[in-house]
Amino acid sequence: MQLKNDNFAPLILIPMPTIKLSRVHGDFGFEATDQNGHTIKMDSSPESGGQNYGVRPMQTLLMGLAGCSAIDVISILKKQRQEVVDYKMTVDGERETGKEPSLWKSINVEFHLYGNIDPDKASRAVDLSVNKYCSVAATLMGGGTEIKTQVFVHPAK
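Report follows, based on the coordinates. (Residues numbered from 1 in each chain as written. Predicted model: local features only at pLDDT ≥ 70, side-chain atom pairs only at ≥ 80, totals over all residues. Heavy atoms only, no water.)

Once that is clear, we can look at the pattern of salt bridges. Side chains that differ in sign of charge can pair as their charged atoms come close. Taken as a whole and judged by the stated rule, the model has four salt bridges. Lys 99 is paired through a salt bridge with Glu 96; the nearest N and O atoms lie 3.6 Å apart. Judged by relative accessible area, Lys 99 falls into the partly exposed class, the value being 46%. For Glu 96, a relative accessible area of 21% puts it in the partly exposed group. The partner of Arg 124 in a salt bridge is Asp 127, and the shortest N-O contact between them spans 3.3 Å. Of this pair, Arg 124 and Asp 127 are both found in helix α2 (residues 119–133), three residues apart, which corresponds to roughly one turn of the helix. The class for Arg 124 is partly exposed, based on a relative accessible area of 45%. Asp 127 sits in the partly exposed class, given a relative accessible area of 34%. (Salt bridge = Lys/Arg side-chain N within 4 Å of Asp/Glu carboxyl O. Buried < 20%, exposed > 50% of the residue type's maximum accessible area, 1.4 Å probe, protein only. Helix = DSSP H or I, 4+ residues; strand = E, 2+ residues; numbered from the N terminus.)

Set out below in structure tokens:
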């Protein structure tokens, strides 16, 4: 579907996925299911009345950032014929204090790539992902989140 926009190129709309949410455990234990049947368990913290049934909703944003960026980085490096034999990430963040809603203020992302990989290409792939291609990163940064990255290239295990 395209929309006409007099000032810019036509806008192409991507169909929105359907997410269904059901309460399945205690007061705050939910399962969210996508249109393909994949599920995520979510819950509030025990301090807020949850029972630790699943991840916190704000943690899913960090997971989404990791997944989105990982797909980008691997795709970019494959196109450059880099041999990635293993891949790991660590993501942590700091939220605003004393505010509702409490947004992510800053997020630190460590990329650990294993294999025969040019470190400069790995760093460039991460930069392209976080600053150009990853929709989750763009969404977070659009809300004022600072995303810091570190890239570590390790020999194949």
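Still more ground to cover, so stick around.
In this section: the sheet that holds strand β5 (residues 39–42). Judged by pairing direction, the sheet is antiparallel, and its three strands sit side by side in the order β3-β4-β5 without closing on themselves. Both edges of this open sheet fall to β3 (20–25) and β5, since each of them pairs with a single strand only. Averaged over all pairs of adjacent strands, the angle between strand axes in this sheet comes to 25 degrees, irrespective of strand direction. Pairing of β3 with strand β4 (residues 29–33), which is carried by five bridges, proceeds in the antiparallel orientation. Paired with His 25 across the strands is Gly 29, a residue of β4. (Pairing = 2+ DSSP bridges. Axes fitted to C-alpha atoms, helices over the stretch in contact; angles between N-to-C directions.)

This next bit is on the pairing of strand β7 (residues 104–116). Looking at chain direction, strand β6 (residues 83–95) and β7 are connected through 12 bridges and run antiparallel. Residue pairing in the sheet places Met 89 in a bridge with Phe 111 of β7.

Turning our attention to the nonpolar core. Counting 23 residues, the largest nonpolar core has Leu 65, Val 73, Ile 107, Phe 111, Leu 113 and Ile 147 as its most contacted members. Within the residue set of this core, elements represented by two or more residues are α1 (57–79), β7, α2 and α3 (135–142). Each residue touching Leu 65, except ones within four places of it in the same chain, is listed here: Val 91, Ile 107, Val 109, Cys 134, Val 136, Ala 137, Leu 140 and Ile 147. (Core = buried A, V, L, I, M, F, W, Y, C linked by side-chain atoms within 4.5 Å. Contact = heavy atoms within 4.5 Å.)

Before going further, it helps to examine the environment of Gly 37. Mapped onto the elements of the fold, Gly 37 is located in the loop between β4 and β5. Of the residues examined, Gly 37 reaches a relative accessible area of 47% and is grouped as partly exposed. Residues Gly 37 and Ile 19, spaced 18 residues apart in sequence, show a C-alpha to C-alpha distance of 9.5 Å.

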